[in-house]
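# Residue-level structural notes
Each chain, written out:
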Amino acid sequence: SSDLLVRTDPAPPPAKGYNGAVTPDSAVPVDSVLLIDGDNDPHMPPGYELSARALVRVFLRRGADIPKALARKLSGVPNCTSVPAPRTTGNAADFVMALHAGVLHATIPMNIPFLIVTNDKGLAVIVEEFQRVGRQAALWTSHEAAEDAPAPASRRGASRRDRKST
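Residues numbered from 1 in each chain as written. Predicted model: local features only at pLDDT ≥ 70, side-chain atom pairs only at ≥ 80, totals over all residues. Heavy atoms only, no water.

### A short note on the nonpolar core
- Core analysis: the biggest nonpolar cluster contains 22 residues, and V33, L35, L104 and F114 have the highest contact counts within it.
- Only β1 (32-37), β2 (54-60), α2 (92-107), β4 (114-117) and α3 (124-132) provide two or more residues apiece to this core.
- Per element, the largest residue contribution to this core is 6 residues, and it comes from α2. (Core = buried A, V, L, I, M, F, W, Y, C linked by side-chain atoms within 4.5 Å. Buried < 20%, exposed > 50% of the residue type's maximum accessible area, 1.4 Å probe, protein only. Helix = DSSP H or I, 4+ residues; strand = E, 2+ residues; numbered from the N terminus.)

### Regarding the sheet that holds strand β3 (residues 80-84)
- Spatially, β3-β2-β1-β4-β5 is the arrangement adopted by the 5 strands of the open sheet, whose pairing is parallel. Two strands lie at the open edges of the sheet, namely β3 and β5 (137-140), each paired on one side alone. Direction aside, the axes of adjacent strands within the sheet are offset by 15 degrees on average.
- Where β2 meets β3, 5 bridges bridge the pair, whose relative direction is parallel. Bridging across to β3, R57 finds its partner in T81. (Pairing = 2+ DSSP bridges. Axes fitted to C-alpha atoms, helices over the stretch in contact; angles between N-to-C directions.)

### Observations regarding the pattern of salt bridges
- Within the structure shown, the criterion is met by 2 salt bridges.
- Notably, a salt bridge pairs R61 with D39, separated by 2.9 Å at the nearest N-O pair. Separated by 22 residues along the polypeptide, R61 in the loop between β2 and α1 (68-74) and D39 in the loop between β1 and β2 bring together distant segments of the chain.
- Look at D39 and you get partly exposed, because its relative accessible area is 31%.
- A salt bridge links R132 to E129, with the shortest nitrogen-to-oxygen separation between them at 2.7 Å. Pair noted here: R132 and E129 are both in helix α3, with a separation of 3 residues, about one helical turn.
- For R132, a relative accessible area of 62% corresponds to the exposed category. (Salt bridge = Lys/Arg side-chain N within 4 Å of Asp/Glu carboxyl O.)

Shown next as structure tokens:
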């Protein structure tokens, strides 16, 4: 007898417009890769130009749709799709995004730049690793202005006792 874990629930249906492919159609040359964490930062950098040859993936929790404002900006990009997580657990979409980033990195030439849009610090390691191995990669978040503000005392490491004595 084996302790093999078998999935008993049915797989979710594919997202609207998702063709099931992790990698781009080989007939369409890719000039850039844009991966968007649609759950915590569904935005695009101001002034970011998407070419018709950009490969775009928007990662979402199960059952979610691309926000309308982002969908409008991505309309007309032929190699764009949403990628839903197969489960609703906490970091499922993050794991799917990391998997796709790795597969794309392994299959797309090293001269093709990657831009990852997320406010999830755990996903920043993807960009760091891509850069370490020589890929041009960048991380962008729309939340940077909030991160530059000073943290409240409770988040700066001061203990309750320290705050009381001041």
